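The lines below spell out each chain.
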Amino acid sequence: MKGFKKYFIVLLITIALFAVAWYISTYLNNKKITDIRNAQNKVNVDIMSSETQFYLLQSLSCQDIGNTTLASEISDLADKISYAEQNLNDPNQIQLLKQQYSVLEVKDFLLTKQISIRCKQPITTILYFYKNSNSCADCTRQGYVLDALRQAYPQVRIYSFDTGLDSSTIRALQTIYKIPASLPSLVINGKTQSGFMSLDDLEKLLPSSVTNPLKATPPPTIKSPLINTQGSK
Amino acid sequence: MTIPEIITYTVVFLAVYVQVFLLVTYFEHLKKMKYSHIEPVPDITNPPKVAIIVPCWNEEKTVHGTINSLLALDYPTDRLEVIAVDDGSTDTTWQELLEYKDNPRVHIFHKENGGKHTAVNFGIDQTDADIIGGLDADSFVAPDALKRMVALFQKNPEVMAVTPSLIVHNPKNMLQYAQRVEYNMSTYNKKMLSFLGAIHVTPGPFSLFRRTVFERIGKFQKAHNTEDQELAYRMQENHMKIEHCANALVYTSSPDTIKKLYVQRLRWIYGFIQNTADYKRLIFNRDYLNFSFFTLPSGVISIIAVVFLSLTFFYDLIVFILKKVSQYSTVGFNIHTHINFNWFYINTQTIFFVTILLYVLLIFSIVAGSRLSRQGRGLDWHILLYIIIYTVIAPVWLLKAVWNSIVTRRQPVWR
C-alpha cells in the first residue's frame, strides 16, 4: 500500500477494533444491569414480605415470627450497586436502585423495632448517615469503623443512608432523628450521635447483650446497606 | 467521560493504531519473511572490501572477544579489515590491543579521549573500504552476519546502510532475560520500519554503511550521546535507504543491574527526544512519508503514553495506599477481606478489552521478532517477566528523560 492509503486503512481497522471492544463491553454491561434489575425485583418481593410480616405480627406469637432478615441476595445487591455505581455508566438506574434499597432498609429497621418491642428481644440498631463526597472525610473513616463493627458484632444491625440521595424517606429519617448538617451521624438505638466515632467509642455504647460476640449466636443481619458504607468513593 | 478518561482512550487508541500499522506491514511482507529464519547464508560474488571499526574506551575485558569474533567472520580474509581505535582508555585496553600489532588484518590506533563518535570517525579516515561499520567493544558478531548483510547491499544499490538484529549476550539474571525479550520485540519493530523505509537508528553494534554515506552527508556528529541515531536521522533527511537484516545476529552485553539499565535508557530516550527536536522539521513532512508520519510521531506518542499512564498509575497507587493507611489508622489491621469471584465484578469496560488487545499485539511482536532473529523462543515466561519489570521501571527513565529535556537540560552520561 502506497502513500496515505495505508494510514487510512489502519485507522479504519483500529476504529473497528475499538467498536468491537465497545460492543462487547456494552453487551456485558447490559447483562450486569439486567442482573441488578433481577435483584431489584427480588428486593420488591422482600419489601412486600416485610410488610406482610408487619401485619402478621399482630396475630402471631413471637416464636412464629421468622427472622426479618432480608434475603442474602439483598446483600449481594448492595455490593453490586456499589460496584455498578463506580464502574457502569447508567447513573439514573443506579440512583433508582439506591432509593429503593434505602426504602427497604427503613422498612426492615421498622420491622426490627416492632419485633424488638413485641417480643422483648433487645436488638441493637445503628442508623448511619453519610455523604458521598470529598467534603466528608470522616465519613470514609466512619465507614471503616462500621465495617469492622459489623464483622465483630454481626448481631448489630447497621443501616447506611446516603444523604446525597434524593429520597423523601431518608429526609424523613433525618428530620425524625434531628440529624445535623455536619456528617457523619449515627443513631444508636434511637439516640443521635454527631461526628466521627471510633470503634472503641461505639463498643462502649453497645448494650452488654452484644458483648462477647464470638460466643453469641448471631441472627442473620442485613449487610450494610448501602452500598458504600465508607461514605465516599 | 472525564478528561483523564478521554486522554487515556486517546493514548490507548494511538498505541493500538501504531501496533496495527506494524501488524498490517507484517502481513504485507509475510512472504519475504516466511523463511528468513532458515535462509541459508548467501554466496557473495565480488565481495566488497569491508572495514569494521572497534572504538574502545576502557574495554580491557571484552575487546579480545570483540576483535576475535570479527576475525572469525565468514568472509574473504583479504576483503575484511578490523580497525581498533583506543579512545584514550585509562585501563589496559591499549596493551590488550598491542597483541594484534603483528596481525595484518587488524590495524590498531591510539588517540586522546574524545568520545565514541570521534573514535569511529578517526577509524573511517584510516580506511578506503567500500563498506564501513562499527562494533562496540562489548558486542560479538555471529560468523554469518556479515555475508547476510553485505548481500543486501549487493541486492539493492539503493541500500545505503544495513542494521543487524541485536541479541542479549548470555543473559544471567531476570533483568537481562527481560531485556532479551525486549530486544526480540525491537527486531520486529526494526524489520517493519525497514519495510516502511523509516528506520530511525543505526545502532553502534555492527551497523554497516556504504562509504558514500560519509562522503555525501559527513561522518558522525556529536548528538546528545546518541550519535548513531543522529546519523540515521540525517540519512533519512537525505533519502538514504536503511535496511534491517533480521537474520544477521550481533550479541551484545546488556546491563546487569537496574542502575546500569537506567543510565543506558535515560541516554537513549533523552537522545531520542533531543534528536527529534533537532530534526523537528521532518515531523509531518510529506517528503519523508513513513519516517515523518509514523516513526517519529509513534516514538513521541509512546513516550507521552507511558508518561501519562504511569502518572495515572502512580496517582491511583498513592490514593490506594493513603486509603489503606487511613483504614489501618482508624480500625487497625483488618483480616476480613471479602473476595468475590462473581463474574459481575470482572472489569467489562471498553478500555479493559482494548488494553488486552494491545498486550496481545505486543506479545505477537515479541514472538514474531524472536522468530525473525532465529531465536525461536515463541511464548516463554520471560515475556511475562518483561511486561512486569518494564511496567514498573520503564516509566522512571522515561519521566527522568522528559524532565531532563524540558527542565534541567542536563545530558545523561554515557554509562
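Data block above holds the structure.
Since this is a predicted model, take the numbers as computed values, not measurements. (Residues numbered from 1 in each chain as written. Chains lettered and ligands numbered in written order. Predicted model: local features only at pLDDT ≥ 70, side-chain atom pairs only at ≥ 80, totals over all residues. Heavy atoms only, no water.)

(A) Inspection of helix α12 (residues 350-372) of chain B at higher detail. All names here are of chain B. With 23 residues, α12 extends 33 Å from end C-alpha to end C-alpha; this agrees with the ideal 33 Å at 1.5 Å per step. Regarding α12, the residues found buried are T350, I351, V354, L358, L361, S365, I366, A368, G369, S370 and L372. Residue R374 follows α12 closely and has a positive phi angle near 60°. (Helix = DSSP H or I, 4+ residues; strand = E, 2+ residues; numbered from the N terminus. Expected span 1.5 Å × (residues − 1). Buried < 20%, exposed > 50% of the residue type's maximum accessible area, 1.4 Å probe, protein only.)

(B) Geometry of the sheet that holds strand β3 (residues 185-188) of chain A. All names here are of chain A. The strand order β2-β1-β3-β4 describes an open sheet built from four strands, whose pairing is mixed. Strands with a single pairing partner mark the edges of an open sheet, and in this sheet they are β2 (157-162) and β4 (191-194). Pairwise comparison of adjacent strand axes, ignoring direction, gives a mean angle of 20° for this sheet. The pairing of strand β1 (residues 125-130) with β3 spans four bridges and is classified as antiparallel. Opposite F129, over in β3, you have S185 as the bridge partner. Along the sheet, helix α4 (residues 137-152) makes contact with β1, β2 and β3, crossing β1 at roughly 160°. With respect to the sheet, helix α5 (residues 168-176) is in contact with β1 and β2, its orientation differing from that of β1 by roughly 110°. (Pairing = 2+ DSSP bridges. Axes fitted to C-alpha atoms, helices over the stretch in contact; angles between N-to-C directions. Contact = heavy atoms within 4.5 Å.)

(C) Main features of the state of the cysteines. All names here are of chain A. The tally for this structure, following the rule as stated, stands at one disulfide over all chains. The disulfide partner of C136 is C139, and the S-S distance across this bridge is 1.7 Å. Across the S-S bond of C136 and C139 the torsion is about 80°, and the bridge reads as right-handed. Like C139, C136 is buried. (Disulfide = S-S within 2.5 Å.)

(D) Inspection of the interface of chain B and chain A at higher detail. The interface of chain B with chain A comprises 36 residues on the first partner and 34 residues on the second. In total, about 3,300 Å² of surface goes out of reach between chain B and chain A, with carbon and sulfur atoms giving 69% of it. There are one salt bridge connecting chain B and chain A. Across the pair B:E28 and A:K6 runs a salt bridge whose closest N-O atoms are separated by 2.6 Å. Our count for the chain B to chain A interface comes out at 12 residue pairs in polar contact (both at pLDDT 80 or more). Those elements giving two or more residues to the side of chain B that touches chain A turn out to be α1 (3-28), α11 (289-331) and α12 of chain B. The leading source of residues in the side of chain B that touches chain A is α1(B), at 10 residues. When the residues that make up the side of chain B that touches chain A are grouped by side-chain class, the tally is 20 nonpolar, 13 polar and three charged. (Buried area = accessible area lost by both parts, 1.4 Å probe. Salt bridge = Lys/Arg side-chain N within 4 Å of Asp/Glu carboxyl O. Polar contact = N/O pair within 3.5 Å; in protein donor to acceptor, adjacent residues only side chain to side chain. Nonpolar A, V, L, I, M, F, W, Y, C, P; charged D, E, K, R; others polar.)

(E) View of the packing of aromatic side chains. Enumeration according to the criterion identifies 29 aromatic pairs over all chains in this entry. Ring centres of A:F4 and A:Y7 lie 5.7 Å apart, and the angle between their planes is 50°; this geometry places the pair in the tilted category. A relative accessible area of 32% places A:F4 in the partly exposed class. Above the ring of B:F344, the side-chain terminus of A:K32 is found at 5.6 Å from the ring centroid. A:R141 extends its terminal NZ or CZ atom over the ring of A:F196, reaching a point 4.0 Å from the ring centre. (Phe/Tyr/Trp six-rings, centres within 6.5 Å; stacked < 30°, edge-to-face > 60°. Lys NZ or Arg CZ within 6 Å of the ring centre and 35° of its normal.)

(F) Expanded view of the pattern of salt bridges. Residue and element names in this part refer to chain B. Within this structure, the stated rule accounts for 15 salt bridges over all chains. In this structure, the salt-bridge partner of R211 is E215, at a minimum N-O distance of 3.8 Å. Note that R211 and E215 are positioned in helix α8 (residues 211-217) at a spacing of four residues, about one turn of the helix.

(G) Looking closely at the sheet that holds strand β7 (residues 208-210) of chain B. All names here are of chain B. Pairing is mixed in the open sheet, where eight strands are placed in the order β3-β2-β1-β4-β7-β6-β8-β5. Of all strands in the sheet, those with a lone pairing partner are β3 (106-111) and β5 (139-141), marking the two edges. Taking each pair of neighbouring strands and ignoring which way they run, the sheet shows an average axis angle of 30°. Bridge analysis of strand β1 (residues 50-56) against strand β2 (residues 80-87) gives seven bridges, and the strand direction is parallel. Paired with V54 across the bridge in β2 is A84.

(H) Quick peek at the side chain of B:S365. Residue and element names in this part refer to chain B. Take S365: it is sitting in helix α12. The class of S365 is buried, set by a relative accessible area of 0%. From its side chain, S365 meets the backbone oxygen of L362 in a polar contact 2.6 Å long. With residues up to four places along the chain from it excluded, the contact list for S365 reads Q19, N184, M185 and Y188.

(I) Structural detail: the pairing of β4(A). Residues and elements named next belong to chain A. Where β3 meets β4, four bridges bridge the pair, whose relative direction is antiparallel. The partner of V187 across the bridge, within β4, is T192. In this structure, the hairpin formed by β3 and β4 is closed by a connection of two residues, where N189 is found at a positive phi of approximately 50°.

(J) Local environment of unusual backbone geometry. A cis amide bond links A:L183 to the next residue, A:P184, at an omega of 5°. In this structure, A:K178 is a non-glycine residue whose phi angle is positive, near 50°. Relative to the elements of secondary structure, A:K178 occurs in the loop between α5 and β3. The class of A:K178 is exposed, set by a relative accessible area of 68%. The phi dihedral of B:N225 falls on the positive side, at around 60°, and the residue is not glycine. Mapped onto the elements, B:N225 comes out in the loop between α8 and α9 (227-237).

(K) Quick look at a nonpolar patch on the surface. Among the surface-exposed residues, B:F313, B:F314, B:L317, B:F320, B:I321 and B:V325 lie close enough to one another that they form a single nonpolar patch of about 540 Å² accessible area. Tracing the chain through its elements places B:V325 in helix α11. (Patch = residues over 30% accessible without salt bridge, like charges linked within 9 Å, V, L, I, M, F, W, Y side chains within 5 Å. Areas by Shrake-Rupley, 256 points an atom, 1.4 Å probe, with all protein chains shown as cover.)

(L) Broad picture of the packing of α1(B) against helix α7 (residues 174-196) of chain B. Residues and elements named next belong to chain B. Look at α1 against α7: their axes get within 10 Å of each other, and the N-to-C directions meet at 70°. In terms of orientation, α1 lies roughly perpendicular with respect to α7. Of the residues in α7, those in contact with F21, L22, L23, T25 and Y26 of α1 are Y188, N189, M192, F195 and L196. For the contact of α1 with α7, the residue count by class is eight nonpolar, two polar and no charged. (Parallel < 35°, antiparallel > 145°, perpendicular 65-115°, else oblique.)

Structural measurements only, silent on function.
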